[in-house]
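Architecture and fold: a report
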Amino acid sequence: MAIYSTNEFKAGLKVMLDNDPCAIIENEFVKPGKGQAFNRVKIRNLKTGRVIERTFKSGDSLEGADVVDVAMQYLYNDGEFRHFMVPDTFEQYQCEEKVIGETSKWLKDQDSCTVTLWNDAPLAVSPPNFVELAIVETDPGLRGDTSGGGGKPATLETGAVVRVPLFVQPGEIIKVDTRTGEYISRVKE
Amino acid sequence: MPTEWQPTCPIELLRLRAQVFADIRQFFLARAVLEVETPLLGNSCGTDPQLDFFTTDYCAPPLQRTLFLQTSPEFAMKRLLAAGSGCIYQIAKAFRNGESGRFHNPEFTLLEWYRVGFTLPQLMNEIADLMAVLFSGHRALKPTQRVSYQTVFQRYTGLNPLAFSLQDYCAYAQANEVSEAVSLCGSDHGLWLDFIFSHKVQPHLGENALCMVYGYPACQSSLARLNKDNSHVTDRVEVFINGIELGNGYYELTDAKEQDRRFDEEIAIRQQKKRPVTVKDKHLVSALEAGLPECSGMAIGLDRLLMLLSNSATINEVLNFPVHRA
């Protein structure tokens, strides 16, 4: 893997730090006029999601991390692993639940998502920004009540719970923004 | 449509820069300080192990020589002082290789001046006067602060900068989310001071005020002379506004032997760090032997000053063509 000097650190660059793959967020050159030059780097650990700050001597380097984002299709859950496939090549990957984390509540069979691979092994899974999922449980609403006020919790087919307007009925399909977990609209079948 | 040809600063900044230059010239004219110009290309360069220089080839066949773009006009100006120029100033370009960032461009503008007969406190008074002139009408500053390095270092870290206790420094780093300093700095006191000062002290200095920090530890003396009453500190001052380092000044070293020794020491450190080789400026050593008058000198980074005057977040916002567009 390539070696990157502090001069090459820029947002998005994937590097190895403390044996974990990380992404550079920000890199600031700090140099007292008469002193040692440093680079103060803000960096995200891609395994834990934690953001830390770390200072390097300018000119120091880190090994690049073999991290790529690949669009895949979610296939199924076998109880132990979740399985994904690259549509173009039919290559399949299996993921442990802990890699998937919070994303699991948005994953429906056959839906597409982004799998981040580190050394060809899944590191993280992110859902599409918008998903369309069926409501399996919510209080029956009042038909004709189309006002936006209030709202009620609704459980979706993947287990996610989102707040929906009162008029939305069990069995209906809704569009949700996975970044905020907010209801967007009903989807006509 | 390509936009790369355009300046990165608004046209208004060109006017502000011109105004600042005019104010500086007026200020020194009124104080009978002579404006001078010295070469940007020299046969040698500063030996500071922390500075990297640019070189270029002078070709007049069969003569071929390496020339150095100056990292500061200091040496040439001291030669003028030794030759009897009296008090002098200049607004000059300086070049430092590899320095690029929010506050750095490898080519930048310095105001550098020398006052014959001035001690460091007198120089500090003049810095405050100049800043008051330059900031008036642009930005209100709170009263100027003058604080010793030791006081300010202790205030923000609880550590004594003059006595190196590896154990205390390591404990501080571990407890303050900079544990990487332990391996990065090792047992190098100067490096620890650079690290902790720039990360933990400097950001607090001069909130909407000029803050002058004097009495740097002797291991950070560079070209300043040691304080005559306390050899642990040096007669050096640095000035800050809003945590931004604006400049550096010294009660200048006039002892040729001591200067020669520091040159050798710095060249040895450069070799040890495998930095590009430089040569000792023999003209400066000769000038000091001939006699540099007792004087104090100061350098201010004018691009950073313009950042403060215009409330700009990056140096690119005050330069017309920073290095990536030059």
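Bear in mind that the values here come from a model prediction, so they are computed numbers and not experimental data.

**Observations concerning helix H1 (residues 11-30) of chain B**
All names here are of chain B.
- With 20 residues, H1 should reach 28 Å at 1.5 Å per residue; the first-to-last C-alpha distance of 29 Å fits that figure.
- Taken as a whole, H1 has its buried residues at Leu 13, Leu 16, Arg 17, Val 20, Phe 21, Asp 23, Ile 24, Phe 27 and Phe 28. Viewed along the axis of H1, the buried residues span an arc of 160°, placing them on a single side of the element. In H1, the exposed positions angled more than 90 degrees off the buried face are occupied by Glu 12, Arg 15, Gln 26, Leu 29 and Ala 30.
- Packed against the buried residues of H1 are strand S5 (88-95), strand S6 (107-116), helix H3 (120-135) and helix H10 (302-310).

**Quick word on the sheet that holds strand S5 (residues 51-57) of chain A**
Residue and element names in this part refer to chain A.
- Pairing in this open sheet of four strands is antiparallel, and the strands run S2-S3-S4-S5 from one edge to the other. The open sheet is flanked by strand S2 (14-17) and S5, the only strands paired with a single partner. Taking each pair of neighbouring strands and ignoring which way they run, the sheet shows an average axis angle of 45°.
- As paired elements, strand S4 (residues 38-45) and S5 share seven bridges and run antiparallel to each other. Note on S5: the bridge partner recorded for Val 41 is Arg 54.

**Topic: H3 of chain B**
- Compared with an ideal rise of 1.5 Å per residue, which puts 16 residues at 22 Å, H3 of chain B spans 22 Å between its outermost C-alpha atoms and is within 8% of the ideal.
- A positive phi of about 85° marks Gly 137 of chain B, the residue just after H3 of chain B.

**Some words on the packing of helix H8 (residues 256-272) of chain B against helix H9 (residues 282-291) of chain B**
Residue and element names in this part refer to chain B.
- In the contact formed by H8 and H9, the axes pass within 8 Å of each other and the chain directions differ by 160°. Regarding the angle of H8 to H9, the classification is roughly antiparallel. Here the hand of the crossing between H8 and H9 comes out right-handed. Together, Ala 256, Gln 259, Asp 260 and Phe 263 of H8 and Leu 284, Val 285, Leu 288 and Glu 289 of H9 make up the contact between the two elements.
- In terms of residue class, the contact of H8 with H9 is built from five nonpolar, one polar and two charged.

**A short note on the pairing of strand S3 (residues 20-30) of chain A**
All names here are of chain A.
- The pairing of S2 with S3 spans four bridges and is classified as antiparallel. Following the sheet pairing, Val 15 is matched in S3 by Cys 22.
- Here S2 folds back onto S3 in antiparallel fashion, the turn holding two residues, of which Asp 18 has a positive phi close to 50°.
- Sheet analysis places S3 next to S4, joined by eight bridges and oriented antiparallel. Across the sheet, residue Glu 28 finds its bridge partner in S4, namely Arg 40.

How each quantity is defined
- Residues numbered from 1 in each chain as written.
- Chains lettered and ligands numbered in written order.
- Predicted model: local features only at pLDDT ≥ 70, side-chain atom pairs only at ≥ 80, totals over all residues.
- Heavy atoms only, no water.
- Helix = DSSP H or I, 4+ residues; strand = E, 2+ residues; numbered from the N terminus.
- Expected span 1.5 Å × (residues − 1).
- Buried < 20%, exposed > 50% of the residue type's maximum accessible area, 1.4 Å probe, protein only.
- Arc of directions from axis to C-beta.
- Contact = heavy atoms within 4.5 Å.
- Pairing = 2+ DSSP bridges.
- Axes fitted to C-alpha atoms, helices over the stretch in contact; angles between N-to-C directions.
- Parallel < 35°, antiparallel > 145°, perpendicular 65-115°, else oblique.
- Left-handed = near helix turned anticlockwise from the far one by under 90°.
- Nonpolar A, V, L, I, M, F, W, Y, C, P; charged D, E, K, R; others polar.

Structural measurements only, silent on function.
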